[in-house]
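# Coordinates in review
Each chain is listed here by its residues.
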Amino acid sequence: MTVAASPAVPMLPFIDLQAQRRRLGGAVEAAVMAAVEGGAWIMGPQVREFETGLAAFGRAKHALGCANGTDALILPLIAWSLRPGDAVFVPSFTFTATAEIVPWLGAAPVFVDVDPVTYNMDPARLEAAIEGIRAEGRLTPKVVIAVDLFGQPADYPAIRAICDRHGLKLIADSAQGFGCTLNGEHPIRWADVTTTSFFPAKPLGCYGDGGAVLTDDDDLAQEMDSLRVHGKVVAKDLKDGASFAHDPKYLAMRIGMNSRLDTIQAAVLIEKLKVFADEIEWRNRIAARYNDLLAPHVAAVPQVIAGGVSTWAQYTIAHEARDALAAHLREQGVPTAVYYPVPMHMQPAYARFPRGAGGLPVTERVREQVLSLPMHADLDEATQDHIVAAVAGFVGAGA
Ligand SMILES: *Cc1c(COP(=O)(O)O)cnc(C)c1O
């Protein structure tokens, strides 16, 4: 028999943002046009309005928009005067940005292994890493950045306790997990700052780049507000009735940067935030259905920490024959992605930075097994059934 070349199967979207756009029925486009017509394209009223809504959603006293989720991470580090010789503890199993901002300030990221079930920072490995760095005496531990990988909250109660024992600040990098909760509380309940990204593919995304920082700390909020606009003068700089008669951005009180959220992106986000709570619910329903249907066919379906609610930025399974499964799924029109094939401590630019005591055996194992399947709020059951059947078909062939 001759083997015909398989006909081109149309590829499903990995994240269907156009389906979301259609569902929102023109509300986003109308908001964008209103922002264009309003003419306040930088720091227009939509930015403040969105920040207020974001703070309320994330249960934080302050939320400040910025240009992207990477800048959101650098803002608190600058505010805390991080400098050469300081150590920042980060997971290695994360997107580049989590570690990238640390050497910008001459400080060193220290890579910490993850929990084999949740893929989030392992508190026991964190404590061992801090103690190892202290014993070595070359670097001074200053900050921990926990990541809400794939949308689920890190083990904040344990990580906060470790930070308190060692006098360290805690950042929640919630670029993937903004909106996640642990025992009903948002990460800011434990973190000094929560950061997020509005990159389009994130659970709460805009139509370009954007980010935000959230904090309950009044002083830190002012510092970061100043830093995102070139170190402009803020209320705390004008003590004892002092005033500055001109535009406050022309009085530089600290060395800052330009990291604002565009008015047009804020207008998009105002509309998206209105449906975000519903979307988190739908994503959880879709993930639960995936878990039920896929459990017999894969090495591991995702498991969320006890008491946690994920935003499901990714739905990530583990499979021993990951790359063969991905190739098989591609033939069936099912796109997949590997987050992350090369963890940070194995990246050429980062290999010189320290690793936590005991190394990163879990990270090095799971990076070869993880595979993310299509996941978005508009994934319907028929499409999901097709994806599940494609995965089940691979296992059948291999058996
Ligand atoms: C996307 C992401 C970032 C960076 O966000 P940008 O808006 O792309 O700069 C930071 N950390 C994590 C974990 C991310 O997934």
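What you see is a predicted model; the values in this text were computed from it and never measured.

Here the focus is the layout of surface pockets. A volume near 490 Å³ is recorded for the largest pocket. Lining the largest pocket are 26 residues, with Phe-95, Gln-176, Phe-199, Lys-202 and Tyr-340 sitting closest to its centre. Only helix H4 (69-79), helix H5 (97-104) and strand E7 (193-197) provide two or more residues apiece to the lining of the largest pocket. Ranked by the residues each element gives to the lining of the largest pocket, the list is headed by H4, at three residues. For the lining of the largest pocket, the class distribution of residues is 13 nonpolar, nine polar and four charged. In this structure, the second largest pocket spans a volume of roughly 170 Å³. Every residue along the wall of the second largest pocket is listed here: Phe-57, Arg-59, Gly-179, Cys-180, Thr-181, Gly-184, His-186, Ile-280, Asn-284 and Val-309. Its residues assigned to classes, the lining of the second largest pocket shows four nonpolar, five polar and one charged.

Before going further, it helps to examine the site of the ligand. Lining the immediate surroundings of the ligand are 14 residues, of which Gly-69, Thr-70, Asp-173, Ser-197 and Lys-202 lie closest. Interatomic distance of 2.8 Å between a side-chain N/O atom of Gln-176 and an oxygen atom of the ligand. Of the pockets mapped on this structure, the ligand occupies the largest pocket. Among the secondary structure elements, those contributing two or more residues to the shell around the ligand are H4 and H5. A class-by-class count of the residues in the shell around the ligand yields four nonpolar, eight polar and two charged.

With four of five residues buried, strand E5 (residues 169-173) is to be regarded as a mostly interior element. Where strand E4 (residues 140-147) meets E5, five bridges bridge the pair, whose relative direction is parallel. By the bridge assignment for E5, Val-144 is matched with Leu-170. Taken together, E4, helix H7 (residues 156-166) and E5 form a β-α-β motif whose crossover is right-handed. Examined bridge by bridge, E5 and E7 share three bridges and lie parallel to one another. Among the inter-strand pairings, Ala-172 is bridged to a residue of E7, identified as Thr-194.

Tallying each qualifying case throughout the model produces 13 aromatic pairs. An angle of 80° between the planes, with centres 5.9 Å apart, marks the rings of Phe-93 and Tyr-119 as edge-to-face. Pair noted here: Phe-93 is in the loop between strand E2 (86-91) and H5 and Tyr-119 is in the loop between strand E3 (108-112) and helix H6 (123-136), with a separation of 26 residues, a long-range link. On the accessibility criterion, Phe-93 (1% relative accessible area) is buried. You can call Tyr-119 buried: its relative accessible area is 9%. Members of the aromatic cluster, each reached through a chain of ring pairs, are Phe-93, Tyr-119, Phe-150, Tyr-339 and Tyr-340.

The rules behind these values
- Residues numbered from 1 in each chain as written.
- Predicted model: local features only at pLDDT ≥ 70, side-chain atom pairs only at ≥ 80, totals over all residues.
- Heavy atoms only, no water.
- 1 Å grid on protein atoms, 1.4 Å probe; cavity = no way out; pocket = protein on both sides within 12 Å on 5 of 7 lines; lining within 4 Å.
- Points joined across faces, edges and corners; volume = space filled by probe spheres on them.
- Helix = DSSP H or I, 4+ residues; strand = E, 2+ residues; numbered from the N terminus.
- Nonpolar A, V, L, I, M, F, W, Y, C, P; charged D, E, K, R; others polar.
- Near = heavy atom within 4 Å.
- Polar contact = N/O pair within 3.5 Å; in protein donor to acceptor, adjacent residues only side chain to side chain.
- Sits in = over half its atoms within 2 Å of the grid points.
- Buried < 20%, exposed > 50% of the residue type's maximum accessible area, 1.4 Å probe, protein only.
- Pairing = 2+ DSSP bridges.
- Right-handed = clockwise from strand over helix to strand, strands pointing away.
- Phe/Tyr/Trp six-rings, centres within 6.5 Å; stacked < 30°, edge-to-face > 60°.

Everything listed is a geometric property; what it means functionally is a separate question.
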